[in-house]
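Coordinate analysis (summary)
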Amino acid sequence: MLDQIKGLHHVTSMARDARQNNDFFTHKLGLRRVKKTVNFDAPDVYHLYYGDEVGTPGSVMTYFPFPNIGKGRPGVGEVGTTVYSVPEGTLAYWEKRFADEGVSSVAREESFGEKRLRFAGPDGDGFALVEDKADSRVPWAKGGIATDEAIRGFHSVSLRLKDGGATEELLKFMGYEEVDKSGNVRRLAVKNGNGADVVDIESLPSAAFADLGAGSVHHVAFAVENRAKQLEVRKALMDTGYGVTPVIDRDYFWAIYFRTPGGVLFEVATNEPGFDRDEDTAHLGEALKLPTQHQHLRPYLEQHLQKLEG
């Protein structure tokens, strides 16, 4: 069993409109846009990152807003719900805020003894807030939401799978342990993690497979401290029979990717070097940052990409 993985690093999803996406995360959820860059493979499309003050691993939601993308179809083989952690007793605040802001599909629920508030992103993305009194992470203090109520970071992701057995075994190999179960959902967690420690696996054997589109999660990334730890994980996964990509430089972290038995794309990303490698912390996410290979496109991209507030 591996011990290098310390919880979630980031979750990356698809969107249709960059301006609407930016408004939802920075205004409605009060997160900080910590990086404004572009998709490595499609540089005419933004890659937007939202998180806490510095983009701490375990807090960062990222998006590719493709202007002409179709809407995703929910199903199995994907991340169904991305769950954020908020302080105990704050769901009433968030319920009112979402009503005032026109957030859709808001509903109270309880899962594994935790009070949750389910809601949808602008493209129908599945989200929830969960009250976690033990979460001591420091939130972004300048997002228009009081620090006593603000989002701390991720709590968990929920995977929807035809059969969760093989993916559960994979997660156990990655250092997760089963800590609870409820009906067709099994909860796994990593000890001594970064706060974003939980993965739920929901088995839905009769459900149709998901279609990727706006509102869909593209991949979920797990955090390791550095490149040496990442290489250890890569070797262990390959020795177990997984097809893992070479290490890819994503400017703010190094990444490896592999497809899980249930169909979800997993990434293992380093905590280094971080989002302040090319911007001062006070000004994260303000300027358009381009990968070296796309610097020559700056004049075109600055004209072509949607203008974003903030």
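Okay, helix 2 (residues 91–101) next. Restricting attention to buried positions, one finds in helix 2 the residues Leu91, Trp94, Arg97 and Phe98. One face of helix 2 carries all of its buried residues, which in axial projection span an arc of 120 degrees. Opposite the buried face of helix 2, at more than 90 degrees from it, the exposed residues are Lys96, Ala99 and Asp100. Contacts from the buried residues of helix 2 go to helix 1 (18–28), strand 5 (78–86), strand 6 (104–111), strand 7 (114–120) and strand 8 (126–131).

A separate point is the pairing of strand 8. Most of strand 8 sits out of view: five of its six residues are buried. Sheet topology places strand 5 next to strand 8; five bridges connect them, and they run parallel. Paired with Ser85 across the two strands is Val130, which belongs to strand 8. Here strand 7 runs beside strand 8; their pairing, made up of five bridges, is antiparallel. Across the sheet, the residue bridging to Ala120 is Gly126, located in strand 8. Counting the residues that bridge the hairpin from strand 7 to strand 8 gives five residues, and of these Gly124 lies at a positive phi of roughly 85 degrees.

Core analysis: the biggest nonpolar cluster contains 62 residues, and Phe25, Leu29, Tyr84, Leu129, Phe222 and Phe266 have the highest contact counts within it. Contact partners of Phe222, with chain neighbours within four places excluded, come to Ile5, Gly7, Leu8, His9, Leu171, Met174, Tyr176, Val199, Phe266, Glu267, Val268 and Ala269. In terms of nonpolar packing, the next biggest core, distinct from the first, is built from 12 residues, Val34, Tyr49, Ala269 and Leu284 among them.

Read from one edge of the open sheet, eight strands run 6-7-8-5-9-12-11-10, paired in mixed fashion. The strands lining the two open edges of the sheet, one partner per strand, are strand 6 and strand 10 (176–182). Going across the sheet, the axis of each strand differs from the next one's by a mean of 25 degrees, ignoring polarity. Packing against the sheet, helix 2 makes contact with strand 5, strand 6, strand 7 and strand 8, and its axis sits at approximately 15 degrees to strand 7.

This part covers the side chain of His155. Along the chain, His155 turns up in strand 9 (residues 153–161). Classification of His155 as buried rests on a relative accessible area of 5%. Reaching out from His155, the side chain makes a polar contact with the side chain of Ser156 at a distance of 2.9 Å. Beyond its immediate chain neighbours, meaning those up to four positions away, His155 contacts Val83, Tyr84, Ser85, Glu114, Val130, Asp132, Arg187, Gly195, Ala196, Asp197 and Val198.

Analysis parameters
- Residues numbered from 1 in each chain as written.
- Predicted model: local features only at pLDDT ≥ 70, side-chain atom pairs only at ≥ 80, totals over all residues.
- Heavy atoms only, no water.
- Buried < 20%, exposed > 50% of the residue type's maximum accessible area, 1.4 Å probe, protein only.
- Helix = DSSP H or I, 4+ residues; strand = E, 2+ residues; numbered from the N terminus.
- Arc of directions from axis to C-beta.
- Contact = heavy atoms within 4.5 Å.
- Pairing = 2+ DSSP bridges.
- Core = buried A, V, L, I, M, F, W, Y, C linked by side-chain atoms within 4.5 Å.
- Axes fitted to C-alpha atoms, helices over the stretch in contact; angles between N-to-C directions.
- Polar contact = N/O pair within 3.5 Å; in protein donor to acceptor, adjacent residues only side chain to side chain.

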